[in-house]
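The lines below spell out each chain.
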Amino acid sequence: AQSVTQPDIHITVSEGASLELRCNYSYGATPYLFWYVQSPGQGLQLLLKYFSGDTLVQGIKGFEAEFKRSQSSFNLRKPSVHWSDAAEYFCAGHGSSNTGKLIFGQGTTLQVKP
Amino acid sequence: NAGVTQTPKFRVLKTGQSMTLLCAQDMNHEYMYWYRQDPGMGLRLIHYSVGEGTTAKGEVPDGYNVSRLKKQNFLLGLESAAPSQTSVYFCASSNIPGTKEAFFGQGTRLTVV
């Protein structure tokens, strides 16, 4: 079955430190992959997306993600975290055919220490 | 530039009551989705629609019904609310077959007592 998994429920980093949030997917073919961010009490905002081509994709707010087919992963990274990055992050996947299902991982809550 | 609008934003129901959540989008998207968000479980797909007049079940459809009579609207119904349906509900629409990016509403916080 198609699935998206985020192994880390909660991550704490110090402000200025680097960040990597993990995402693993299970799809028959290469899916379309997304990272969304949700601030408390808010809806979801798209950070970046991967469809094909260059496996390193750049997003908003200084985030990037790398698609690794061999590891079935699409990890989100940021070189230097800011206090305003504290939020919940969701990885999501959509099959390459237009079947309609957009599936989310369980989410990772990021806490940023001063 | 409304995007995706959900109504209502908050609601408290008694067990057994019914209600309908409305989602409206103004981006002419074919695909629309209803999710529920619970702590530690991410967003789980309830039902979705790939076009006007069509609906399909997602991961957790039991206890919910949906209708897509107009392309811009996607309604989520609870016929007999249960405390287990206490959650935050999000609607989204998606630009398929284009970028497949989903746009989300601000959510509806539903409490069933």
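Residues numbered from 1 in each chain as written. Chains lettered and ligands numbered in written order. Predicted model: local features only at pLDDT ≥ 70, side-chain atom pairs only at ≥ 80, totals over all residues. Heavy atoms only, no water.

1. Observations regarding the sheet that holds strand 3 (residues 19-25) of chain B
Either a parallel or an antiparallel arrangement is found when strands of a sheet pair, and the pairing is made through backbone hydrogen bonds.
All names here are of chain B.
Thinking step 1. Read from one edge to the other, the open sheet built from four strands follows the order 1-3-8-7, with strand pairing classed as antiparallel. Every other strand in the sheet has two partners, leaving strand 1 (4-7) and strand 7 (65-67) as the edge strands with one partner each. Averaged over neighbouring strand pairs, the angle between their axes works out to 20° when direction is ignored.
Thinking step 2. Inspection of the sheet shows strand 7 paired to strand 8 (residues 73-78) by three bridges, in the antiparallel sense. Following the sheet pairing, Asn-65 is matched in strand 8 by Gly-77. (Pairing = 2+ DSSP bridges. Helix = DSSP H or I, 4+ residues; strand = E, 2+ residues; numbered from the N terminus. Axes fitted to C-alpha atoms, helices over the stretch in contact; angles between N-to-C directions.)

2. Points about the interface of chain A and chain B
Thinking step 1. Contact with chain A, which involves 23 residues of that partner, is made by 24 residues of chain B.
Thinking step 2. Counting the surface lost from both chain A and chain B, the interface buries some 1800 Å², and carbon and sulfur atoms represent 58% of this.
Thinking step 3. Glu101(B) is the partner of Lys49(A) in a salt bridge, and the nearest nitrogen-oxygen pair spans 3.9 Å.
Thinking step 4. For the pair chain A and chain B, the number of links is four residue pairs in polar contact (both at pLDDT 80 or more).
Thinking step 5. Elements that contribute at least two residues to the side of chain A that touches chain B include exactly strand 5 (32-38), strand 6 (44-50), strand 10 (87-94) and strand 11 (102-104) of chain A.
Thinking step 6. Classifying every residue of the side of chain A that touches chain B by side-chain character gives ten nonpolar, ten polar and three charged. (Contact = heavy atoms within 4.5 Å. Buried area = accessible area lost by both parts, 1.4 Å probe. Salt bridge = Lys/Arg side-chain N within 4 Å of Asp/Glu carboxyl O. Polar contact = N/O pair within 3.5 Å; in protein donor to acceptor, adjacent residues only side chain to side chain. Nonpolar A, V, L, I, M, F, W, Y, C, P; charged D, E, K, R; others polar.)

3. Remarks on the packing of aromatic side chains
Thinking step 1. This model, assessed by the stated rule, comprises 16 aromatic pairs over all chains.
Thinking step 2. Arranged with centres 5.7 Å apart and planes meeting at 45°, the rings of Tyr36(A) and Phe104(A) form a pair that is tilted. Here Tyr36(A), found in strand 5, pairs with Phe104(A), found in strand 11; they are 68 residues apart in sequence, far enough to count as distant. Taken as a pair, Tyr36(A) and Phe104(A) share a single burial class, namely buried.
Thinking step 3. When the ring of Tyr50(A) is compared with that of Phe67(A), the centres are 4.4 Å apart and the planes differ by 15°; the resulting orientation is stacked. Here Tyr50(A), found in strand 6, pairs with Phe67(A), found in strand 8 (residues 64-68); they are 17 residues apart in sequence, far enough to count as distant.
Thinking step 4. Residue classification places Phe67(A) among the buried residues on the basis of a relative accessible area of 3%.
Thinking step 5. Put simply, the rings of Tyr32(A), Phe34(A), Tyr36(A), Phe51(A), Phe90(A), Phe104(A), Tyr33(B), Tyr35(B), Tyr48(B) and Phe104(B) touch in pairs and so form one group of aromatic residues. (Phe/Tyr/Trp six-rings, centres within 6.5 Å; stacked < 30°, edge-to-face > 60°. Buried < 20%, exposed > 50% of the residue type's maximum accessible area, 1.4 Å probe, protein only.)

Spatial relationships are all this shows, so hold off on functional conclusions.
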